[in-house]
Amino acid sequence: MAPLPISSIRVGKIDDVQELIKSKPNTVPERFIREANERGVLVSHKTHLHHHIPVVDLSKLSKPHTDDDFLFEILKLSQACEDWGFFQVINHGIEVGVVEDIEKVAKEFFEMPLEEKKKYPMEPGTVQGYGQAFIFSEDQKLDWCNMFALGVHPPSIRNPKLWPSKPARFSENLEGYSKEIRKLCKRLLKYIAISLDLKEERFEEMFGEAVQAVRMNYYPPCSRPDLVMGLSPHSDGSALTVLQQSKNSRVGLQILKDNTWVPVLPLPNALVINIGDTIEVLTNGKYKSVEHRAVTNRERERLTIVTFYAPNYEVKIEPMGELVDDETNPCKYRSYNHGDYSYHYVSNKLQGKKSLDFAKILN
Ligand SMILES: COC(=O)C(/C=C/C1=C(C)CCCC1(C)C)=C/O[C@H]1C=C(C)C(=O)O1
Ligand SMILES: O=C(O)CCC(=O)C(=O)O
Ligand SMILES: [Fe+2]
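In the annotation of an unreviewed UniProt entry, the entry for the protein chain reads Fe2OG dioxygenase domain-containing protein, and the organism field reads Brassica carinata. In the Sequence similarities (unreviewed entry) part of its UniProt record, the protein chain is described as follows: "Belongs to the iron/ascorbate-dependent oxidoreductase family."

Draft legend 1. Region of interest: the overall build of the protein chain. Tallying secondary structure elements over the protein chain gives 8 helices and 14 strands in all. For a compact globule of 363 residues, the expected C-alpha radius of gyration is about 21 Å, and the protein chain comes in at 20 Å, within 12% of that figure. Taken over the C-alpha atoms alone, the protein chain extends approximately 60 × 40 × 40 Å along its principal axes. Classification of the 363 residues of the protein chain by burial places 55% in the buried group. Taking the contacts inside the protein chain whose residues are at least 6 apart along the sequence as the reference set, 78% of them involve residues at least 24 apart. With an accessible surface of roughly 16,500 Å², the protein chain has 52% of that area assigned to carbon and sulfur atoms.

Draft legend 2. Seen up close, helix α5 (residues 170-195). Between the first and last C-alpha of α5 there are 36 Å, a value that for 26 residues agrees with the 38 Å anticipated at 1.5 Å per step. Phi for Asp197, located one or two positions after α5, is positive at around 65°.

Draft legend 3. Representation of empty space enclosed by the protein within the structure. Scanning all chains against the criterion turns up 1 cavity of 30 Å³ or more. Taken as a whole, the largest cavity holds about 130 Å³ of empty space. Residue lining of the largest cavity: 18 residues in total, with Leu231, Leu243, Leu253, His292 and Val306 positioned closest to the centre. Those elements that provide at least two residues to the lining of the largest cavity are β5 (211-219), β6 (231-234), β7 (240-245), β11 (292-294) and β12 (302-310). Ranked by the residues each element gives to the lining of the largest cavity, the list is headed by β12, at 4 residues. A breakdown of the residues in the lining of the largest cavity according to their chemical character gives 8 nonpolar, 6 polar and 4 charged.

Draft legend 4. View of the site of ligand 1. As a structural note, the neighbourhood of ligand 1 is formed by 15 residues, with Arg215, Phe308, Ala310, Tyr313 and His338 the closest of them. Within the contact set of ligand 1, an oxygen atom lies 2.3 Å away from a side-chain nitrogen or oxygen of Arg215. A distance of 3.0 Å separates an oxygen atom of ligand 1 from a polar atom in the side chain of His338. In isolation ligand 1 exposes 540 Å². Once the protein is present, 99% of that is buried.

Draft legend 5. Spatial organisation of the UniProt feature "domain: Fe2OG dioxygenase" (unreviewed entry) in the protein chain. UniProt's entry tags residues 202-311 with the feature "domain: Fe2OG dioxygenase" (unreviewed entry), counted in the numbering of this structure. Its end C-alpha atoms 12 Å apart, residues 202-311 is made of 11% helix and 41% strand.

Draft legend 6. Structural view of the packing of helix α2 (residues 68-84) against α5. Interaxial distance between α2 and α5 falls to 9 Å at its minimum, and their mutual angle equals 90°. The angle between α2 and α5 places the two elements in the roughly perpendicular class. Residues Phe70, Ile74, Leu77, Ser78 and Cys81 of α2 form the contact with α5, whose participating residues are Tyr191, Ile192, Ile194 and Ser195. When grouped by side-chain class, the residues that make up the contact of α2 with α5 number 7 nonpolar, 2 polar and no charged.

Draft legend 7. Expanded view of the pairing of β7. Within β7, 6 of the 6 residues are buried, leaving the element largely enclosed by the surrounding structure. Side chains Leu240, Val242 and Gln244 project from β7 onto one buried face, and the interleaved Thr241, Leu243 and Gln245 project onto a second face that is buried too. Here β7 pairs with strand β10 (residues 271-275) via 4 bridges, running antiparallel. Opposite Val242, over in β10, you have Ile273 as the bridge partner. As paired strands, β7 and β12 are joined by 6 bridges and run antiparallel to one another. By the bridge assignment for β12, Val242 is matched with Thr307.

Rules used throughout
- Residues numbered from 1 in each chain as written.
- Chains lettered and ligands numbered in written order.
- Predicted model: local features only at pLDDT ≥ 70, side-chain atom pairs only at ≥ 80, totals over all residues.
- Heavy atoms only, no water.
- UniProt positions renumbered as here; feature names shortened; annotations may be inferred.
- Helix = DSSP H or I, 4+ residues; strand = E, 2+ residues; numbered from the N terminus.
- Rg over C-alpha atoms; globule rule 2.2 N^0.38 Å.
- Buried < 20%, exposed > 50% of the residue type's maximum accessible area, 1.4 Å probe, protein only.
- Contact = heavy atoms within 4.5 Å.
- Areas by Shrake-Rupley, 256 points an atom, 1.4 Å probe, with all protein chains shown as cover.
- Expected span 1.5 Å × (residues − 1).
- 1 Å grid on protein atoms, 1.4 Å probe; cavity = no way out; pocket = protein on both sides within 12 Å on 5 of 7 lines; lining within 4 Å.
- Points joined across faces, edges and corners; volume = space filled by probe spheres on them.
- Nonpolar A, V, L, I, M, F, W, Y, C, P; charged D, E, K, R; others polar.
- Near = heavy atom within 4 Å.
- Polar contact = N/O pair within 3.5 Å; in protein donor to acceptor, adjacent residues only side chain to side chain.
- Axes fitted to C-alpha atoms, helices over the stretch in contact; angles between N-to-C directions.
- Parallel < 35°, antiparallel > 145°, perpendicular 65-115°, else oblique.
- Pairing = 2+ DSSP bridges.

This is the structure:
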């Protein structure tokens with residue numbers, strides 16, 4: 001993935017939201033205030049009791065493939081992928097300590113003084129480091145969020161200068177966490193392949209040395225959550241995304257289902273998984289990436305740790321032959337190189353599912 005020509009990008013002044021609320025807790029600067037039709041209201045999950053994203057129990061998927069529990073859970077997984085594009089996994093086997101340790105250092109990172117965090121700046125037009133990503137002009141609205149993002153794997157996508165020396169155990173904890181999340185993604189891709197009647201190793205064989213990146217999103221409380229957006233609506237460009245919501249987190253993530261923003265209720269010890277654009281293309285639209293956004297609240301900060309898992313940049317992406325039928329299910333996406341899609345994705349602002357127009361065959 002070639003770097004963007006950053007010198008020509010003018011982003012104007014980007015206020016750091018944590019600093020803003022320290023100095024003026026009741027003020028929301030104009031650049032954060034959304035047009036009326038773009039505002040994110042906090043919908044109580046109580047009004048959505050009938051409408052929760054599915055929960056998949058991974059301990060059932062460890063059973064023999066002939067076991068009823070296994071077959072039932074695979075069916076649940078395939079329905080989750082087809083109808084929702086989002087699900088939570090429980091009993092995923094990642095030790096609580098690993099999850100707690102990454103949360104601890106992420107929290108400590110965001111709590112450091114701004115001068116310390118500024119040692120790892122996200123330069124305009126780039127997606128790694130501390131700051132706000134996907135800002136390309138001076139008049140673009142800003143999200144009520146501070147981000148810290150790092151490429152993790154393969155080593156060639158890392159920028160070692162952006163890996164912080166403080167908090168002391170940051171890098172160690174991130175390495176440990178990323179190894180576990182990588183194993184989880186490989187496992188999930190196997191189950192997803194099975195759910196599609198494909199050979200278990202189909203995705204992994206195709207992906208090569210998969211790309212893995214992490215983004216930590218910190219949403220401070222906001223005095224007017226009704227006017228701002230925590231994170232703009234988007235779909236993820238990855239194959240799979242794994243999202244960890246901090247302990248005791250309020251609802252903040254919302255997904256667009258049947259034209260309604262549905263909140264994702266944080267479950268203890270669960271991880272939220274979503275289908276990214278790449279799986280949508282590979283499955284010829286059977287499993288779709290789903291638009292989602294984050295909203296803020298007045299009382300409490302929210303921290304999420306998000307892993308993007310995707311094929312190697314060299315890999316050619318196109319709908320898999322097994323899922324295309326010229327007569328009944330014609331090919332809906334063109335072929336392209338994943339590196340080119342990554343470049344396209346990171347050079348445009350987050351705007352719903354617009355990024356995928358890159359691949360769609362328009363009739
Ligand atoms: C909202 O999405 C992202 O922030 C994002 C960025 C990922 C990346 C990094 C933080 C550093 C290394 C490069 C990479 C683009 C992977 C989403 O990642 C998705 C988007 C694409 C495309 C992808 O492969 O993962
Ligand atoms: O923080 C959240 O709830 C959503 C994060 C997200 O969608 C992302 O980082 O891509
Ligand atoms: Fe996302």
